[in-house]
Amino acid sequence: MYDILIIGGGPAGLAAGLYASRAKLKAVILEREKAGGQIAITDEVANYPGSIEEASGPSLIKRMKEQAEGFGAEFVIDEVKELELDGKVKKAICKDKTYEGKAVIIATGASPRYIGCPGEAEFTGRGVSYCATCDAAFFEDFQVYVVGGGDSALEEAMYLSKFARQVTVVYRKDKENMKAAKSIQEKAFKNPKIDFMFNKNVVEIKGEGLVNSMIIEDTVSGEREEIFADENDGTFGIFVFIGFVPKNNLVEGKLNMENGYIVTDDNMKTNIPGVFAAGDNRLKSLRQVVTATADGAIAATQAEKYIEENFED
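Attention here is on the structure that accompanies the text. (Residues numbered from 1 in each chain as written. Predicted model: local features only at pLDDT ≥ 70, side-chain atom pairs only at ≥ 80, totals over all residues. Heavy atoms only, no water.)

### With respect to the overall build of the chain
Regarding its fold elements, the chain presents 6 helices and 19 strands. A compact globule built from 313 residues would reach a C-alpha radius of gyration of about 20 Å, and the chain, at 21 Å, matches this within 12%. For the C-alpha atoms alone, the extent of the chain along its principal axes is close to 65 × 40 × 35 Å. Expressed as a percentage of the 313 residues in the chain, the buried residues total 51%. Looking at charge distribution, the chain has the averaged site of its 37 positive side-chain charges lying 4 Å from that of its 50 negative ones. (Helix = DSSP H or I, 4+ residues; strand = E, 2+ residues; numbered from the N terminus. Rg over C-alpha atoms; globule rule 2.2 N^0.38 Å. Buried < 20%, exposed > 50% of the residue type's maximum accessible area, 1.4 Å probe, protein only. Lys, Arg positive; Asp, Glu negative; His and termini not counted. Charge placed at Lys NZ, Arg CZ, Asp CG, Glu CD.)

Written out as structure tokens, the structure is:
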């Protein structure tokens, strides 16, 4: 019997494990693959407070994991197949064994929705990005392309325009069918550094070491065109903002959700007592490492209070 079962070993789960174990609670972090989540594939993390020396995603996660384990949190590689959340004792039924706990923190994260074209995976972190806040500074005075037409795509395009020489939004439909709110569209259209390519899909990303070209397809005519990086630059950025996919399949139909995300209050509480959510898989306005770790800390602290109030020593 554990005090807290933490589902997911990204920044939110590791922060929860740290706070839980420091509070002398018996906590286990259950992770299907390896620690880190999305940040594990991020080469450089320059916007996490204090992350200066060796500021890479893997190095930051390594320190987080070591810190949590140093205070006594267990880190177990095992795939959770099912969660039983309704009883007083919560259960995580895994591939190898079943874990029981007094409280559960769901920190399964989310993943960016990918274009799905050849070259995308190969050049992720080498020209292809899913986070303007993380990577905009690397493309200062460069040409960048933003793929998408929703609120986040145009908002991120405007953010990128503070750094890039020119930003081009690539959208698969026409101007009249953009998903972004009209107020956001108006701001983007007025920005002199933002151009638009409508009825276009990115169908392949190419390069040598770094992205240096991409092939786009006209969604109306089917014609294809290869766009090359400026000779003086040698590369350009491709920022993909076509949505996120929260990893909440384990709790579908069990917790209150909105657009696939778990709904919580400010204390990370879900609609089931003793069940908390933290990180990118919950409904929130900003998905960054710093907010994920904050979520984890709050969830663990609230779980501790829940256990004190509902379980005798």
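Let us keep going from here.
### Some words on the nonpolar core
Ile-4, Ile-6, Leu-14, Leu-60, Met-64, Ile-105 and Phe-276 are the most contacted members of the largest nonpolar core, which totals 34 residues. Counting residues per element, this core draws most heavily on helix α6 (residues 289–310), which supplies 7 residues. When neighbours within four sequence positions are excluded, Ile-105 is seen to be in contact with Ile-4, Leu-5, Ile-6, Ile-7, Ala-16, Phe-276, Ala-278, Ala-299 and Ala-300. (Core = buried A, V, L, I, M, F, W, Y, C linked by side-chain atoms within 4.5 Å. Contact = heavy atoms within 4.5 Å.)

### Overview of the pairing of strand β2 (residues 27–31)
Within β2, 5 of the 5 residues are buried, which leaves it mostly tucked inside the rest of the structure. Neither face of β2 is open: one carries Ala-27, Ile-29 and Glu-31, the other Val-28 and Leu-30, and all of them are buried. Bridging between strand β1 (residues 2–7) and β2 involves 4 bridges; their strand directions are parallel. Bridging across to β2, Ile-6 finds its partner in Ile-29. Handedness of the β1-helix α1 (residues 11–22)-β2 crossover: right-handed. Bridging between β2 and strand β3 (residues 74–77) involves 4 bridges; their strand directions are parallel. Counted as the bridge partner of Glu-31 is Ile-77 from β3. (Pairing = 2+ DSSP bridges. Right-handed = clockwise from strand over helix to strand, strands pointing away.)

### Thoughts on the packing of α1 against α6
Two elements in contact, α1 and α6, have axes separated by 7 Å at closest approach and are oriented at 35°. Taken as a pair, α1 and α6 cross one another with a handedness that is right-handed. When α1 is examined against α6, the residues Pro-11, Ala-12, Ala-15, Ala-16, Tyr-19 and Ala-20 are found in contact with a partner set consisting of Val-289, Ala-292, Thr-293, Gly-296, Ala-297, Ala-300 and Thr-301. Class assignment of the residues belonging to the contact of α1 with α6 gives a composition of 10 nonpolar, 3 polar and no charged. (Axes fitted to C-alpha atoms, helices over the stretch in contact; angles between N-to-C directions. Left-handed = near helix turned anticlockwise from the far one by under 90°. Nonpolar A, V, L, I, M, F, W, Y, C, P; charged D, E, K, R; others polar.)

### Let's talk about the packing of aromatic side chains
What the rule picks out here adds up to 11 aromatic pairs. For the ring pair Phe-239 and Phe-241, a centre distance of 6.3 Å and an interplane angle of 20° mean the geometry is stacked. This pair shows no difference in class: Phe-239 is buried, exactly as Phe-241 is. Both rings, one in Phe-276 and one in Tyr-306, keep their centres 6.5 Å apart while their planes meet at 75°; by these two values the pair is edge-to-face. Here Phe-276, found in strand β19 (residues 275–277), pairs with Tyr-306, found in helix α6; they are 30 residues apart in sequence, far enough to count as distant. The same class applies to Phe-276 as to Tyr-306, namely buried. Taken together, Phe-139, Phe-142, Phe-239 and Phe-241 form an aromatic cluster joined through their ring pairs. The ring of Tyr-2 carries the charged tip of Lys-26 above its face, separated from the ring centre by 4.8 Å. (Phe/Tyr/Trp six-rings, centres within 6.5 Å; stacked < 30°, edge-to-face > 60°. Lys NZ or Arg CZ within 6 Å of the ring centre and 35° of its normal.)

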